[in-house]
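One letter stands for each residue in the lines below.
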Amino acid sequence: MRYIFNRRRIPLIFGLFIHFSVGSQHVESVKPFAPIDYLESVPIQQERRLGDRIARDLYRDPDYIDDPVMGDYLHAIWQPLMSAARTRGEISPELDAGFAWQLLQGKDRTVNAFALPGGYFGIHSGLVGIVTSKDELASVLAHELSHVTQRHIARLMSRQSEQAPWLVGAMILGALAASKNPGGANAVIVGGQAAAAQSQLNFSRDMEREADRTGFAVATQAGFAPQGFVSMFEKLQQNNRNNDSGNFPYLRSHPLTTERIADMRSRIPEGSPTATTTTTSLEHSMVSARARVLSNASVDGLRAWFAEVEPALLAKVSAPQRVASLYGATLAALKLRNYERAAIYRDALMLAVQGDGPALHQWRYLSAELAVAAGRNDQALSALGFDRPPKTRAELLMWVGLQVAFGRADAAADAAQLWVLEQPRDAAMWQQLAKARSAQGRTVAAVRAEAEVNVAQLDYTAALERLKAAQSLAKTSLKEADHIEASVVDARTRQVEQLLREQAVER
């Protein structure tokens, strides 16, 4: 079965939890709450294994992306939320250790985010592109985080055996159809939902309210403005007006947006600012523009950015809007390989972000990105401005690649190796390490790093093939370093074989 980001298809969780989009309207269907004592029937490990299966398909989906700039920005929001949830006791030590707690990016223009079993979370670039502040983005992430910390999916799983067989059948048929005919899957799933909607939605509202309220507490404790929840809900409400007449409240899988807004407003402490708008930083406007470019990278979509930077238009908009337009036009020109035009917009952007540290940081990375694309690695390294490995993932990924290009493979490999020791599921960094090891002439270590790319994306079959290749290379190598690496490869081979056996049992 396939679990996919694309808005024309349906990310499913084996008939347990359905998220999909119809046009720009997001729909979510869930089964009712189970009593708390049912949670014992769904061990953490079982939910994690289900999440791993879904994530494995998401990694293969053409709409999956791993943009390091967006990733760093999301991580800077995600980590304070996780810390706050731990402090509040929302995440037990067992749950903390057992779940993945990973964000997966989807290249999709729809405004959506979703929680999956086992602590995986999907976030569409369309969502990053529409929010106007970190606070709004934090509100969505905190809401989805709370679905997982409150074990909503476990509650749904525990009731699976009590679900009507015909509805389970409809959902499984939809999952099977999704792998062959996305349109057909829509028809099957929607038909099953409509018949069961009235009996399910009241419980779904309870889950959404619980996620709202827990998420609100987590986000505010993490330091995000409570107004972010209200302004985000107002955006969703405005978006839905074009797609929902509002005449069928009982056929909605979310609480009415006006009710959710009122609930969040009532939770803002007295004396706090009453305005529902949140401040848009220049850094946020740049990341938001990047998300919009990535979600619509067609030639026409990229060229549309050039109209936004006409001097007459730029003179009429706010500073964040001006910066967003210039950033988007620079990145669009880069992707169209019009490097001269990109440089013009980049220079104008530099003037627009002077004096703003975080925005200048984003500008430097964009400048380096442009230089790499144009084949000017010396300018890229100069733009990054680091003599030693940088601390952010986006910059480190680029820095490692540049070090290899300049013949400094040892420094590149050391930096990448240190990173993956702490972040072993970073597929992109493993790929950079593989290139660095290859440049060092350490072929066995390079192939082993390629295997770790597959492990990080849960593709154990492909990982085992690379590990077997590394074993074969080690047997014929005369290098001492390869023989030392061979023992590591042998151990990893046994571990991956065990993971494959576990997968076979699950099927």
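Keep in mind the model is a prediction, meaning the values are calculated, not measured. Here the residue numbers are simple positions, counted from 1 along each chain's written sequence. Under the rules for a predicted model, residues below a pLDDT of 70 receive no local features and side-chain atom pairs below 80 are neither given nor counted, while totals for whole chains, interfaces and linings still include all residues. Note: side-chain values were computed over all heavy atoms of the structure, leaving out hydrogens and water.

**So, the overall build of the protein**
What counts, and what does not: Here a strand is any run of E in DSSP of at least two residues, a helix any run of H or I of at least four, and the numbering for each starts at the N terminus. In what follows, residue pairs with any heavy atoms lying within 4.5 Å of each other are defined as contacts. Surface exposure here means Shrake-Rupley accessible area, sampled with a 1.4 Å probe, where a residue is shielded only by the protein chains that are shown.
Each helix and strand in the protein was counted, giving 23 helices and six strands. Long-range pairs, those at least 24 residues apart, make up 70% of the contacts in the protein between residues at least 6 apart in sequence. Of the roughly 22200 Å² of accessible surface on the protein, 53% is carried by carbon and sulfur atoms.

**Things to note about the confidence of the model for the protein**
Atomic detail in the predicted coordinates should be set aside for any region of low pLDDT. Note the following rule: The predictor rates its confidence in each residue with pLDDT, a number between 0 and 100.
Taken residue by residue, the protein gives an average pLDDT of 82. The fraction at 70 or more is 77%. Scored below 50 in pLDDT, residues 245-253 makes 16 contacts in the model with residues more than four places away or belonging to other chains.

**What to know about the sheet that holds strand E5 (residues 113-116)**
To keep things clear, this is the line we draw: Note on pairing: two strands pair once DSSP finds at least 2 bridges between them.
Within the open sheet, the four strands sit side by side as E3-E4-E6-E5. Their pairing is mixed. Every other strand in the sheet has two partners, leaving strand E3 (64-65) and E5 as the edge strands with one partner each. Bridge count for E5 against strand E6 (residues 120-124) is four bridges, and the pairing is antiparallel. In the sheet register, Ala 115 faces E6, and the bridge partner there is Phe 121.

**Structural notes on the packing of helix H19 (residues 409-422) against helix H20 (residues 427-440)**
Keep this limit in mind: Where helices are involved, their axes are fitted lines through C-alpha atoms of the stretch in contact, as for all axes, and angles between N-to-C directions lie from 0 to 180°. Oblique is the label for any angle not covered by the other classes, which are roughly parallel (under 35 degrees), roughly antiparallel (over 145) and roughly perpendicular (65 to 115). In this scheme, a crossing is called left-handed if the near helix is turned counterclockwise away from the far one by less than a right angle; it is called right-handed if the turn is clockwise. Think of it as three bins: nonpolar holds Ala, Val, Leu, Ile, Met, Phe, Trp, Tyr, Cys and Pro, charged holds Asp, Glu, Lys and Arg, and polar takes everything else, Gly as well.
Contact geometry of H19 with H20 gives a least axis separation of 9 Å together with a crossing angle of 150 degrees. Overall, the two elements H19 and H20 adopt an arrangement that is roughly antiparallel. In this structure, H19 meets H20 at a crossing whose hand is left-handed. Side by side, H19 and H20 meet where Ala 409, Asp 410, Ala 412, Ala 413, Ala 416, Gln 417, Trp 419 and Val 420 of the first sit next to Met 429, Trp 430, Leu 433, Ala 436, Arg 437, Ala 439 and Gln 440 of the second. Considered class by class, the residues forming the contact of H19 with H20 number 11 nonpolar, two polar and two charged.

**Points about unusual backbone geometry**
With a phi close to 60 degrees, Arg 151 is a non-glycine residue in the positive phi region. Examined against the element boundaries, Arg 151 turns out to sit in the loop between helix H5 (134-149) and helix H6 (152-158). For Arg 337, which is not glycine, the phi torsion reads 65 degrees and is therefore positive. For Arg 337, the location among the structural elements is in the loop between helix H14 (319-335) and helix H15 (339-352).

**As for the nonpolar core**
Heads up, the condition is: Put simply, buried Ala, Val, Leu, Ile, Met, Phe, Trp, Tyr and Cys residues joined by side-chain atoms within 4.5 Å make one nonpolar core. Exposure categories follow from relative accessible area, calculated using a 1.4 Å probe and restricted to protein chains: below 20% of the type maximum is buried, above 50% is exposed, and the middle band is partly exposed.
In this structure, Ile 77, Leu 81, Trp 101, Leu 127, Leu 137 and Leu 145 are the most contacted members of the largest nonpolar core, which totals 44 residues. Counting residues per element, this core draws most heavily on helix H2 (residues 68-88), which supplies nine residues. Leave out the neighbours within four places in its chain, and Ile 77 touches Lys 134, Leu 137, Ala 138, Leu 141 and Phe 224. One finds Phe 114, Leu 467, Ala 486 and Val 489 within the second-largest nonpolar core, a separate group that totals 30 residues.

**Some thoughts on the packing of H20 against helix H21 (residues 443-456)**
At a minimum axis distance of 8 Å, the contact between H20 and H21 shows a crossing angle of 170 degrees. Considering their axes alone, H20 and H21 lie roughly antiparallel with respect to each other. Here Ala 427, Trp 430, Gln 431, Leu 433, Ala 434, Arg 437 and Ser 438 of H20 come into contact with H21, specifically with Ala 445, Ala 446, Arg 448, Ala 449, Glu 450, Glu 452, Val 453 and Ala 456. The class makeup of the residues in the contact of H20 with H21 is nine nonpolar, two polar and four charged.

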